[in-house]
2 protein chains.
Amino acid sequence: MKRREFIKKAGAGALAAGAAMGAVPAMAAKPVMWKMVTTWPPHFPMLGEGADYIAKLVDEMSGGKFKISVYGGGELIPPMGVFDAVSQGTVEMGHGAAYYWSGKAPAAQFFAAVPFGFNAQSQNSWVTSGGGMALWEEVYKPFNLKPYLGGNTGVQMGGWFNKEINSVADLKGLKMRIPGLGGQVLAKAGGNAILVAGGEIYTNLERGVIDATEWVGPYHDLKLGLHKVAKYYYYPGWHEPGTTLEAIVNIGAYEKLSPEFKVILDTAIEKTNSWMLCEFEAKNNDALNELITKHKVELRKFPDDVLKELKTYADQVLEELAASDPMSKKVYESFKNFRSKIYEWNKITEEPYQQFKYI
Amino acid sequence: MKRREFIKKAGAGALAAGAAMGAVPAMAAKPVMWKMVTTWPPHFPMLGEGADYIAKLVDEMSGGKFKISVYGGGELIPPMGVFDAVSQGTVEMGHGAAYYWSGKAPAAQFFAAVPFGFNAQSQNSWVTSGGGMALWEEVYKPFNLKPYLGGNTGVQMGGWFNKEINSVADLKGLKMRIPGLGGQVLAKAGGNAILVAGGEIYTNLERGVIDATEWVGPYHDLKLGLHKVAKYYYYPGWHEPGTTLEAIVNIGAYEKLSPEFKVILDTAIEKTNSWMLCEFEAKNNDALNELITKHKVELRKFPDDVLKELKTYADQVLEELAASDPMSKKVYESFKNFRSKIYEWNKITEEPYQQFKYI
């Protein structure tokens, strides 16, 4: 017997006996209904699926009493309207990535992707156990937003190129679709960082409006068909070594949740954060193999001197960001402090691990 | 209180008092009460705390209706009795590591630590998204157990030594506390793998009963005071590059849970799995620095030819394990298949990431 049927029957009995109803209305209370808007196309593989997964877990853990309807970008709110919609309480929740909001909160960029910044493991550790989350909350609090680690792509690819990058000189004049801090780094190297929406990348590359583009990784890049319009596939993704997605929740809406629904929501999102990385790690290589063997994509590594030059510019971009905004400075200090420690630790753990595989 | 009893009592109450019955009795229903036994000392930092964390999350998400009492090793069941106690349903749940049960289920070792095996990220990906979990469930099903990834230490340290390891010859006759597959590898290299319980390591090392020991990582090793009785601290932890802890749940007990409590339990454990790695990553380096700067510990890297020799023996140990047990063979095939793919992927992602930090 379902609870609702039971209440009905119990209620009927009680009424027959001339009794009052007590707490029945509370038990029959409507579920909490939330809306989550996202920056992704509806059910977009892995990223949009992550948003769906959060809603599924919350629904299941609450026994259907807390339901979140997930909307793809544009279905309810335009992708780039997610931050404002959740901030203003138009909807309770959003899913995207923090670097989309750099115009509103420059410091948010540290919680998405930093050129030559953290990989997924270090980003998770910094945010969860190294003081990062308190700062992220501080960045978002003025916007009535509570942030969460909401997924991770792992180390991304460097992008698709129609010209080879053999030296620093090849970056000069390069027209590349590369957003955010990575774009600023490329600009310092003499390139043109061009903004192109996801849906227009293919055509722009095909028509030569751009010479190169970054996207996500083999799994997504294959789906977008970028191998049909670009020759070379470069690695590593220096500009996004562990891109973190985010869930954002309107603080007022969150405060209205019962204590158990708060933890259910928190835990569902945190589970999704690790699940998504597992999916990326498990699926990217198969797609890469298909690109190389079936579609004859040429895999290339950025030369060390190119990476070195880009890294120098990346440091400058971060210093400038910190100098321009007190909150960014505060976050950058924490980031640098954690970086110095985790690099030391990596040196005797993950670094030799990556080496001894081939020994 | 079971639903049937409730209905009975509710009916009786209505008849007796003609009173406001509502749903109050249902709300006052007794919580589900579980016991979790662990292989760790009570509230042992990070590992035992992980078990506590699972219970806390389950309690909070269920609004106090699903409570798990956590017991340290020996409080209710001896540490090495955890598997049987959960298998037989004496208690509903356990927390430990799968390699402790190699005598009962040899294939379980792949889900704890494999010499020159996976780091945390690859282990999580293999188990979660690469087919590993289905196999782990197959390994444990005959024991009425449902397994979970229940925490990860990250890449461990190589251990504490009172003699330097400068060549393969130095491994011969080495008396080292190193359990499991790692111990078998050392034995092939001519060493003596000696079983010593955690609580006796210090004294054994002090008295020269053993020349060396592995433990966990700087955070735990510092607490155990191993720097007082050993000179050299070696890395990397070739024998345990991403030690996975486990939660195990009695299948019969699990099946009795409501659908929402099942997902609450699943998600609480999965959240703990990623939380623990964050804690290890964030705290180990501070402890390492204290060991080096304050306690003057000498940090050493195993020479490449030593690692190479150990890796050769590790392959032999795994091949022999697979040859001796059909289930181990099946798991090993999946492990190898995933390894070949993830190594390829690491090569263009995590590997250059570890390098470009220094570029």
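Residues numbered from 1 in each chain as written. Chains lettered and ligands numbered in written order. Predicted model: local features only at pLDDT ≥ 70, side-chain atom pairs only at ≥ 80, totals over all residues. Heavy atoms only, no water.

**Student:** I tried to follow the packing of helix H11 (residues 259-294) of chain A against helix H13 (residues 326-348) of chain B on my own but got confused; where do I start?
**Tutor:** Pairs of packed helices are described in terms of their axes, by the angle between the two and the distance that separates them. One way to put it is that H11(A) packs onto H13(B) with a least axis distance of 9 Å and a crossing angle of 80°. The orientation of H11(A) relative to H13(B) falls into the category roughly perpendicular. For the pair H11(A) and H13(B), contact is made by Glu281(A), Ala282(A), Asn284(A), Asn285(A), Asp286(A), Leu288(A) and Asn289(A) and by Phe338(B), Lys341(B), Ile342(B), Glu344(B), Trp345(B), Asn346(B) and Ile348(B), respectively. The residue inventory of the contact of H11(A) with H13(B), partitioned by class, reads six nonpolar, four polar and four charged. (Axes fitted to C-alpha atoms, helices over the stretch in contact; angles between N-to-C directions. Helix = DSSP H or I, 4+ residues; strand = E, 2+ residues; numbered from the N terminus. Parallel < 35°, antiparallel > 145°, perpendicular 65-115°, else oblique. Contact = heavy atoms within 4.5 Å. Nonpolar A, V, L, I, M, F, W, Y, C, P; charged D, E, K, R; others polar.)

**Student:** Looking at this structure, how should I read the side chain of Glu246(A)?
**Tutor:** Residue and element names in this part refer to chain A. Its place among the elements puts Glu246 in strand E10 (residues 244-250). No salt bridge is formed by the buried Glu246. Its closest oppositely charged neighbour is Lys104, at 11 Å. Here the side chain of Glu246 touches Tyr140 through a polar contact of 2.7 Å, side chain to side chain. Other than its neighbours up to four places away in sequence, Glu246 contacts Gly94, His95, Gly96, Ala97, Ala98, Trp101, Trp136, Tyr140, Tyr148 and Gly150. (Buried < 20%, exposed > 50% of the residue type's maximum accessible area, 1.4 Å probe, protein only. Lys, Arg positive; Asp, Glu negative; His and termini not counted. Salt bridge = Lys/Arg side-chain N within 4 Å of Asp/Glu carboxyl O. Polar contact = N/O pair within 3.5 Å; in protein donor to acceptor, adjacent residues only side chain to side chain.)

**Student:** I keep staring at the interface of chain B and chain A and nothing clicks. Help me out?
**Tutor:** Reports of interface size often rely on the accessible area that becomes lost once the parts have come together. In this complex, chain B contributes 79 residues to the contact, which on the side of chain A involves 78 residues. There are six salt bridges connecting chain B and chain A. The interface formed by chain B and chain A contains 28 residue pairs in polar contact (both at pLDDT 80 or more). The element best represented in the side of chain B that touches chain A is helix H11 (residues 259-294) of chain B, accounting for 19 residues.

**Student:** How should the relation of the copies chain B and chain A be read in this particular structure?
**Tutor:** In this structure, two copies of a chain are linked by a rotation about an axis accompanied by a shift along it. With an axial shift of 0.0 Å and an RMSD of 0.1 Å, the rotation relating chain B to chain A amounts to 180°. What we have between these two chains is a two-fold relation. An overlap of 96% is found between the interface residues of chain B and their copies at the interface of chain A, pointing to a shared contact surface. (Least-squares fit on C-alpha atoms with pLDDT ≥ 70 in both.)

**Student:** Before we go on, may I ask you to explain the environment of Met61(B) in this structure?
**Tutor:** Within the secondary structure layout, Met61(B) lies in helix H3 (residues 47-61). Overall, the relative accessible area of 2% leaves Met61(B) in the buried class. Between the C-alpha atoms of Met61(B) and Ile264(B), which are 203 residues apart in sequence, the distance is 6.8 Å. With residues up to four places along the chain from it excluded, the contact list for Met61(B) reads Met61(A), Glu260(A), Val263(A), Ile264(A), Thr267(A), Ile264(B) and Ala268(B).

**Student:** Is there a simple way to explain helix H12 (residues 304-324) of chain B in this structure?
**Tutor:** With 21 residues, H12(B) extends 30 Å from end C-alpha to end C-alpha; this agrees with the ideal 30 Å at 1.5 Å per step. If you check which residues of H12(B) are buried, you get Val306(B), Leu307(B), Leu310(B), Lys311(B), Tyr313(B), Ala314(B), Val317(B), Leu318(B), Leu321(B) and Ala322(B). Elements in contact with the buried residues of H12(B): helix H14 (350-356) of chain A together with helix H7 (180-188), strand E11 (298-301) and H13 of chain B. (Expected span 1.5 Å × (residues − 1).)

**Student:** How should I be thinking about the side chain of Ser129(A) in this particular structure?
**Tutor:** Within the element layout of this structure, Ser129(A) appears in helix H5 (residues 120-129). With near-sequence residues (within four places) excluded, Ser129(A) lies in contact with Asn124(A), Trp275(B), Cys278(B), Glu279(B) and Ala282(B).

**Student:** It is not clear to me how helix H5 (residues 120-129) of chain B should be interpreted in this structure. Could you clarify?
**Tutor:** An α-helical segment advances 3.6 residues per turn. Residues three or four places apart therefore align on the same side. Residue and element names in this part refer to chain B. Extensive coverage of H5 is indicated by the burial of nine of its ten residues. Listed in full, the buried residues belonging to H5 are Ala120, Gln121, Ser122, Gln123, Asn124, Ser125, Trp126, Val127 and Ser129. Positive phi shows up at Gly131, right after H5, with a value of about 95°.

**Student:** For this particular structure, what's the right way to read unusual backbone geometry?
**Tutor:** All names here are of chain A. Between Tyr235 and Pro236 the backbone carries a cis peptide bond, its omega angle lying at -5°. Note that Pro236 resides in the loop between strand E9 (232-235) and E10. Look at Asn144: it is not a glycine, yet its phi comes out positive at around 60°.

**Student:** Can you walk me through the nonpolar core in this structure?
**Tutor:** Within soluble globular proteins, side chains that are nonpolar generally end up buried alongside one another. Core analysis: the largest hydrophobic core is formed by 236 residues, its most contacted members being Leu265(A) and Leu265(B). Counting contributing residues per domain, this core is built from domain 2 (27-152 + 242-281) and domain 3 (159-240 + 296-356) of chain B, each supplying no fewer than three. Sequence-distant contacts of Leu265(A), that is, excluding residues within four places in its chain, are made with Trp34(A), Val58(A), Phe66(A), Ile68(A), Met93(A), Tyr148(A), Val249(A), Tyr254(A) and Leu257(A). (Core = buried A, V, L, I, M, F, W, Y, C linked by side-chain atoms within 4.5 Å. Domains from an automatic or database assignment.)

**Student:** It is not clear to me how the sheet that holds strand E5 (residues 159-161) of chain A should be interpreted in this structure. Could you clarify?
**Tutor:** Two pairing modes exist for strands in a sheet, parallel and antiparallel, and in both the strands are linked by backbone hydrogen bonds. Residue and element names in this part refer to chain A. The mixed open sheet is built from six strands, whose spatial order is E7-E6-E8-E5-E9-E11. Single-partner strands in this sheet number two, and they are strand E7 (192-194) and strand E11 (298-301). By the bridge criterion, three bridges tie E5 to E9 in an arrangement that is antiparallel. Within the sheet, the bridge partner assigned to Phe161 lies in E9 and is Tyr232. (Pairing = 2+ DSSP bridges.)

**Student:** I'm lost on the state of the cysteines in this one. Help?
**Tutor:** Here is the idea: a disulfide is a covalent bond, and it sits between the sulfur atoms of two cysteines. Applying the stated rule across the entire model yields zero disulfides over all chains. With no disulfide partner, Cys278(A) has as its closest neighbouring cysteine sulfur the one in Cys278(B), 13 Å distant. By relative accessible area, which is 6% here, Cys278(B) ends up buried. (Disulfide = S-S within 2.5 Å.)

**Student:** Sorry, what's going on with the pairing of E10(A) here?
**Tutor:** Within a regular beta strand, the side chains point alternately toward one face of the sheet and then the other, so they alternate between its two faces. Residues and elements named next belong to chain A. Among the seven residues that make up E10, seven are buried, leaving the element largely enclosed by the rest of the structure. Burial along E10 is two-sided: the face carrying Thr244, Glu246, Ile248 and Asn250 and the face carrying Leu245, Ala247 and Val249 are both buried. As defined by bridge partners, strand E3 (residues 93-96) adjoins E10 across four bridges and the pair is classed as antiparallel. Directly across from Met93, in E10, lies its bridge partner Val249. One ladder, built from seven bridges, connects strand E4 (residues 145-152) with E10; its direction is antiparallel. Bridge assignment links Tyr148 to a residue of E10, and that residue is Ala247.

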